[in-house]
Amino acid sequence: MPMLLLASTSPRRSELLKMAGYEFNVTSSDVSEGYLRGTPPIQIVEQLAARKAEAVAKLNPQDTVLGADTVVVYKGRVLGKPKDPEDAKAMLRLLSGNVHQVYTGYCVICGKEMIRGHECTSVEFYPLSEAEISAYCETPEPMDKAGAYAIQGRGALFIKRIDGDFYNVMGLPIGKINRILAGLKNSSKES
Ligand SMILES: Cc1cn([C@H]2C[C@H](O)[C@@H](COP(=O)(O)OP(=O)(O)OP(=O)(O)O)O2)c(=O)[nH]c1=O
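In this text, all values refer to a predicted model and were calculated from it rather than measured experimentally.

Points about the pattern of salt bridges
Part 1: Applying the stated criterion across every chain yields a total of ten salt bridges.
Part 2: Arg12 is the partner of Asp144 in a salt bridge, and the nearest nitrogen-oxygen pair spans 3.2 Å. Of this pair, Asp144 sits in the loop between α4 (130-137) and β7 (159-163) while Arg12 is found in helix α1 (residues 11-19), placing the two residues 132 residues apart along the sequence.
Part 3: Of the residues examined, Asp144 reaches a relative accessible area of 36% and is grouped as partly exposed.
Part 4: The exposure class assigned to Arg12 is buried, which follows from its relative accessible area of 14%.
Part 5: Notably, a salt bridge pairs Arg116 with Glu46, separated by 3.5 Å at the nearest N-O pair. Taken together, the residues Arg116 in strand β6 (residues 113-125) and Glu46 in helix α2 (residues 41-59) connect sequence positions 70 residues apart.
Part 6: Looking at Arg116, the relative accessible area reads 39%, which means it is partly exposed.
Part 7: Taking the relative accessible area as the measure of exposure, Glu46 reaches 13% and is therefore buried.
Part 8: Counted as one network, the salt bridges with shared partners bring together Arg12, Asp144 and Lys145.

Following this line, the structure appears as structure tokens:
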């Protein structure tokens, strides 16, 4: 039976799909997250999401596959996951007191159909003290998150304002994805 496959090991993406009532399997795509310096963020997240989905779809052509990728962008600088706690501190110093954008690219592949796109959310941080940044970076929370914070975790304390989809910041714009998946179901019923 055709399945929904999430081409992502991100526990947050699984959590959001589960919350939305989907039954799915998780498959790691093992796609390298490299991109060329200077590539626009929209291109980065859409291409990486497509690479992740394509790698899984190739091995599971009968299934519907969802890939996604999230980056944080501050003044044109693309911040992925920090390399180590010092890198995480440097990212948070940049974001402190400022507005940044979070881009999540997504790609859904179902047979010959491929739907890709992105969602952008603006996030404003309160000014953070050096003590706050250091204490946060002693916890594991920032290490596997783009921009070195988790809006859904203790990083919530940094947030002054957001403009856009909260779930997009967590790694998956679930409302939009649900509409795309529902559209696929309806179009397969019609044909
Ligand atoms: C900004 C932010 C990011 N994140 C997470 C979402 C993503 O999981 C992660 C960015 O890394 P990604 O490379 O998008 O995803 P991933 O490595 O976790 O999973 P995979 O490559 O297998 O798809 O940062 C949060 O959980 N909360 C936040 O507030």
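Picking up after the structure, the text goes on.
Here we look at the environment of Tyr74
Part 1: Among the structural elements, Tyr74 can be located in strand β3 (residues 64-74).
Part 2: For Tyr74, a relative accessible area of 11% puts it in the buried group.
Part 3: Between the alpha carbons of Tyr74 and Met19 there is a distance of 30 Å; along the sequence they are 55 residues apart.
Part 4: Apart from residues no more than four positions distant in its own chain, Tyr74 is found in contact with Leu94, Leu95, Asn98, Val99 and His100.
Part 5: Of note is the side chain of Tyr74, whose polar atom sits 3.0 Å from the side chain of Asn98.

What about the site of the ligand?
Part 1: In the region of the ligand, 21 residues are neighbours, and Ser8, Arg13, Lys52, Lys81 and Ile151 sit closest.
Part 2: In this structure, an oxygen atom belonging to the ligand sits 2.7 Å away from a side-chain N or O atom of Arg13.
Part 3: Out of a free accessible area of 610 Å², the ligand has 94% covered by protein chains.
Part 4: Taking a 2 Å distance to the grid points as the criterion, the majority of the atoms of the ligand fall inside the largest pocket.
Part 5: Those elements that place two or more of their residues in the shell around the ligand are α1, β3 and α5 (166-170).
Part 6: Broken down by element, the shell around the ligand gets its largest block of residues, three residues, from β3.

Quick notes on the side chain of Glu46
Part 1: One polar contact links Glu46 to His118, side chain to side chain, over a distance of 2.8 Å.
Part 2: For Glu46, the contacting residues outside a window of four places in its chain are Gly105, Arg116, Gly117 and His118.

Topic: the pairing of β3
Part 1: Of all eleven residues making up β3, eleven are buried, and the element is well covered by its neighbours.
Part 2: Burial along β3 is two-sided: the residues Thr64, Leu66, Ala68, Thr70, Val72 and Tyr74 and Val65, Gly67, Asp69, Val71 and Val73 are all buried.
Part 3: Relative to β3, strand β1 (residues 4-6) runs parallel, the two being bridged by three bridges. Bridging across to β3, Leu4 finds its partner in Thr64.

Structural notes on the state of the cysteines
Part 1: All told, the structure shown has zero disulfides when counted by the stated rule.
Part 2: Cys110 takes part in no disulfide bond, and the closest cysteine sulfur to it belongs to Cys107, at a distance of 12 Å.
Part 3: Note on Cys110: relative accessible area 28%, which makes it partly exposed.

A few points about the UniProt feature "site: Important for substrate specificity" (unreviewed entry) in the chain
Part 1: Under the feature "site: Important for substrate specificity" (unreviewed entry), the UniProt entry names Arg12, Thr70 and Gln152. Of the annotated positions mentioned, Arg12, Thr70 and Gln152 line the largest pocket.
Part 2: Tracing the sequence through the fold places Thr70 in strand β3.
Part 3: Aside from chain neighbours lying at most four places away, what touches Thr70 is Arg13, Val45, Val102, Tyr103, Thr104, Ala146, Asn168, Val169 and Gly171.
Part 4: In this fold, Gln152 is placed in the loop between α4 and β7.

Conventions used here
- Residues numbered from 1 in each chain as written.
- Predicted model: local features only at pLDDT ≥ 70, side-chain atom pairs only at ≥ 80, totals over all residues.
- Heavy atoms only, no water.
- Salt bridge = Lys/Arg side-chain N within 4 Å of Asp/Glu carboxyl O.
- Helix = DSSP H or I, 4+ residues; strand = E, 2+ residues; numbered from the N terminus.
- Buried < 20%, exposed > 50% of the residue type's maximum accessible area, 1.4 Å probe, protein only.
- Contact = heavy atoms within 4.5 Å.
- Polar contact = N/O pair within 3.5 Å; in protein donor to acceptor, adjacent residues only side chain to side chain.
- Near = heavy atom within 4 Å.
- Areas by Shrake-Rupley, 256 points an atom, 1.4 Å probe, with all protein chains shown as cover.
- 1 Å grid on protein atoms, 1.4 Å probe; cavity = no way out; pocket = protein on both sides within 12 Å on 5 of 7 lines; lining within 4 Å.
- Sits in = over half its atoms within 2 Å of the grid points.
- Pairing = 2+ DSSP bridges.
- Disulfide = S-S within 2.5 Å.
- UniProt positions renumbered as here; feature names shortened; annotations may be inferred.

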